[in-house]
Amino acid sequence: MADQGVAVSQPTSRDGDVEKHPVGVSQVQEVGDGAEKDGESEHKQEGVRQVEALVSVWSRKVLIIMFILLYLVTFIDALLSVVQASLIPYITSSFSQHGLLATTSIIATIVGGVIALPIAKVIDIWGRCEGFIVMVALTILGLVLKAVSQNVETYAAAHTIYWAGHIGMGYVIQIMLADISTLQNRLLLFGINSTPTIATVFAGSKIADLFYTNSNFRWAFGAFIILLAAATVPVALMFIWSKRKALRTGAMVPRVSDRTAWESVKHYVVEFDVVGMLLTIFGFSLLLLPFSLDAYAPNGWATGYIIAMIVLGIVLLAAFVLWEKYLAPVQYFPFKFLKDPTILGACGLYGFMYISVFCWDAYYQSYLQVVNEQSITTSGYILNAFSLTSAFVGPFLGLYIRWSGQYKWPAIIAGVPFFSLGTALLVYFRHPGTNVGYLVLCQVLVGIGSEIFTLTSQLAIMATVTHQEIAVALALYGLFGSIGSSIGFAIAGALWTNLLPAKLHEFLPEDAKDQAAEIYSSIVVQLSYPTGSPIREAINAAYGDVQRKMVIAGAAFLPVCLLCLLLWKNVNVKALDVARGSKNGNLL
């Protein structure tokens, strides 16, 4: 995500004098002007210089080995995502809080998005290896805490730590792939790296079923702690080896700092704009959480702490804007990037796409198991037909863009129809009695559309910025996606927690109305009633009514996605690659 009209940012000097502008951001010129912005005249931060030095000492064989290692990490991470997505309804139900399923993800997605911008600074200032190791450590710490959690509050905190690491790790891998590829080939590389989903959709759902049936969710997390550590250590070792080789050959010079430990702490608190980060996290969290918590409050929306959370959230977000504009020594949020219509449109598309999807996706697996009577395995297959299709489409879209150089028109001509049709059909098919084949069809259509949107919007941003700016640009892009996801979760949680209890009470037989709260709180209790019984039919009717409203809410954001697409400039990346010329580190 690019920033425009901002002077080149440099690491702060050792005496602590910090200029007031986003770190890692330089002026964005008009796309396609032929100017080489990554040239000698541009200051490159330490992390960017490091990765270019590292790649310069890699042979093609080493490059391929690194890609394979990153691919393996992506595979394990994708497998873990499917396993825990399949288990989370049962995890929250084990704490008798199935209704808080979406709530556990709101803060996590906000933190995951916010952390990407500081990580962009980490990998630009310190290096890719350091950022990768930090993110892996966070992911593993989150998994450890999940495995030992005894209540939904601990689990939600653990999920927030895990999600920050998970998003950050995937983001660093994405930046690594961008470091070693040209614009023309980049989406092909991104598409290939997403193909593990083709296998993990099937394997992950079955593994989750086996853990639930034969063990428990705690052992599932324990197993993946070992797998993830085993997959990530070789990547870190490869980076360390490459760094030593680059130092030996003179391609890289050692970084020297004469700051004390306390001076370094003060330096990086300013450099990473910790105040701005905290204002963003607490502001969005306090604003969005009440939408799914009000049903648990004594007086609903009239409860004092619900009102206080919303007011305080708004105040903190206003304070964030004022802090970044007038007081922050170094801005963590690169506002000026958003002056470019292509970047604004790409970020907006990503955010609104996720609002649309997560409005109806949050409780979908529970719906499939309760209403359509699918097992953990088959409901996971249906739910992840979305991801499966996305992974399958990615490489072919990359090949098309490599051949044509165009990314805007594929998004409009192909992405909009697929995404809109899949979402609209869900409105019609989301009711008890629908054949699951139609639900799979909708997942496939939305998956195709979302993959086209995601890959083309990423390329639209990367075509607008320099190599120096890619990390910050993609971090800003990810922030929009995470905020969009959290808003989608908040809408889903609000509809679910406010409507489902009332609908259960409305549809349940008179002699079972007093069981509404118990039924609402646990998917295990819901599944315990026999198929065709009056209580199970009432549960299905309540699910169907609420879920249909959730899909309608998601469909309301489709026109905004199209408007965001129309903001993009139409750039031929093949011509842009030729105009910019060859760059350090772009080997593929």
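One structure accompanies this document, and this report is about it. (Residues numbered from 1 in each chain as written. Predicted model: local features only at pLDDT ≥ 70, side-chain atom pairs only at ≥ 80, totals over all residues. Heavy atoms only, no water.)

**Details of the overall build of the chain**
No. 1: Helix and strand counts for the chain stand at 24 helices and zero strands.
No. 2: Sequence-distant contacts, at least 24 apart, represent 83% of the contacts inside the chain between residues at least 6 apart.
No. 3: Of the roughly 22000 Å² of accessible surface on the chain, a fraction of 68% belongs to carbon and sulfur atoms. (Helix = DSSP H or I, 4+ residues; strand = E, 2+ residues; numbered from the N terminus. Contact = heavy atoms within 4.5 Å. Areas by Shrake-Rupley, 256 points an atom, 1.4 Å probe, with all protein chains shown as cover.)

**A word on a nonpolar patch on the surface**
No. 1: Taken together, Ile198, Phe392, Phe396 and Leu399 make up a surface patch of nonpolar side chains, about 400 Å² in accessible area.
No. 2: When residues of the nonpolar patch are assigned to their parent elements, the largest contribution, three residues, is made by helix α16 (residues 385-404).
No. 3: Position of phenylalanine 392 among the secondary structure elements: in helix α16. (Patch = residues over 30% accessible without salt bridge, like charges linked within 9 Å, V, L, I, M, F, W, Y side chains within 5 Å. Salt bridge = Lys/Arg side-chain N within 4 Å of Asp/Glu carboxyl O.)

**Notes on the packing of aromatic side chains**
No. 1: Summed over the entire model, instances satisfying the criterion amount to 20 aromatic pairs.
No. 2: A ring pair is formed by tryptophan 360 and tyrosine 364, whose centres lie 5.9 Å apart and whose planes are at 85 degrees; its orientation type is edge-to-face.
No. 3: With a centroid separation of 6.2 Å and 40 degrees between ring planes, the pair formed by tyrosine 364 and tyrosine 367 is classed as tilted. In this pair, tyrosine 364 and tyrosine 367 both sit in helix α14 (residues 364-370), three residues apart, roughly one turn of the helix. Tyrosine 367 carries the same exposure label as tyrosine 364, and that label is buried.
No. 4: Ring-pair connections join several aromatic residues into one group, and the members of that group are Tyr350, Tyr354, Phe358, Tyr477 and Phe489.
No. 5: Here the guanidinium or amino end of arginine 430 rests over the ring plane of tyrosine 364, the centre of that ring lying 3.8 Å away. (Phe/Tyr/Trp six-rings, centres within 6.5 Å; stacked < 30°, edge-to-face > 60°. Buried < 20%, exposed > 50% of the residue type's maximum accessible area, 1.4 Å probe, protein only. Lys NZ or Arg CZ within 6 Å of the ring centre and 35° of its normal.)

**Focus on the packing of helix α13 (residues 341-361) against helix α18 (residues 436-462)**
No. 1: Direction vectors running N to C along α13 and α18 enclose 155 degrees, while the axes themselves pass 9 Å from each other. With respect to each other, α13 and α18 are oriented roughly antiparallel. Read as a crossing pair, α13 and α18 show a hand that is left-handed. Of the residues in α18, those touching α13 at Thr342, Ile343, Ala346, Cys347, Leu349, Tyr350, Met353, Val357 and Trp360 are Gln443, Val446, Ser450, Phe453, Thr454, Ser457, Ala460 and Ile461.
No. 2: Split into classes, the residues belonging to the contact of α13 with α18 amount to twelve nonpolar, five polar and no charged. (Axes fitted to C-alpha atoms, helices over the stretch in contact; angles between N-to-C directions. Parallel < 35°, antiparallel > 145°, perpendicular 65-115°, else oblique. Left-handed = near helix turned anticlockwise from the far one by under 90°. Nonpolar A, V, L, I, M, F, W, Y, C, P; charged D, E, K, R; others polar.)

**Some points on the side chain of aspartate 340**
No. 1: Checked against the element boundaries, aspartate 340 lands in the loop between α12 (304-327) and α13.
No. 2: On the basis of relative accessibility, which here comes to 3%, the residue aspartate 340 falls in the buried class.
No. 3: A distance of 2.8 Å separates the side chain of aspartate 340 from the backbone nitrogen of threonine 342, its partner in a polar contact. (Polar contact = N/O pair within 3.5 Å; in protein donor to acceptor, adjacent residues only side chain to side chain.)

**Some thoughts on unusual backbone geometry**
No. 1: A positive phi angle is found at glutamate 373, which is not glycine, with a value near 55 degrees.
No. 2: Mapping glutamate 373 onto the fold places it in the loop between α14 and α15 (376-383).
No. 3: Among the residues examined, glutamate 373 registers a relative accessible area of 42% and is labelled partly exposed.

**Here we look at the side chain of serine 450**
No. 1: Its place among the elements puts serine 450 in helix α18.
No. 2: Classification of serine 450 as buried rests on a relative accessible area of 4%.
No. 3: Each residue touching serine 450, except ones within four places of it in the same chain, is listed here: Met353, Phe386, Ser390 and Phe419.

**Concerning the pattern of salt bridges**
No. 1: What the rule picks out here adds up to four salt bridges.
No. 2: The partner of lysine 503 in a salt bridge is glutamate 506, and the shortest N-O contact between them spans 3.4 Å. With lysine 503 and glutamate 506 both in helix α19 (residues 470-507), this residue pair falls three residues apart, about one helical turn.
No. 3: You can call lysine 503 buried: its relative accessible area is 18%.
No. 4: Among the salt bridges present, the one from lysine 549 reaches aspartate 545, with a minimum N-O distance of 2.7 Å. Here lysine 549 pairs with aspartate 545, and both are found in helix α22 (residues 534-555), just four residues apart, close to one helical turn.
No. 5: Judged by relative accessible area, lysine 549 falls into the partly exposed class, the value being 35%.

**Topic: the packing of helix α5 (residues 152-179) against α19**
When two helices pack together, their arrangement is given by the angle between their axes and by how far apart the axes lie.
No. 1: One can describe the packing of α5 onto α19 by two numbers: an axis separation of 10 Å at closest approach and a directional angle of 140 degrees. Between α5 and α19, the angle falls in the class oblique. Between α5 and α19 lies a crossing whose hand is right-handed. The segment α5 lies against α19, with Tyr171, Gln174, Ile175 and Ala178 engaging Ile470, Ala471, Val472, Leu474 and Ala475.
No. 2: Across the contact of α5 with α19, the residue classes break down as eight nonpolar, one polar and no charged.

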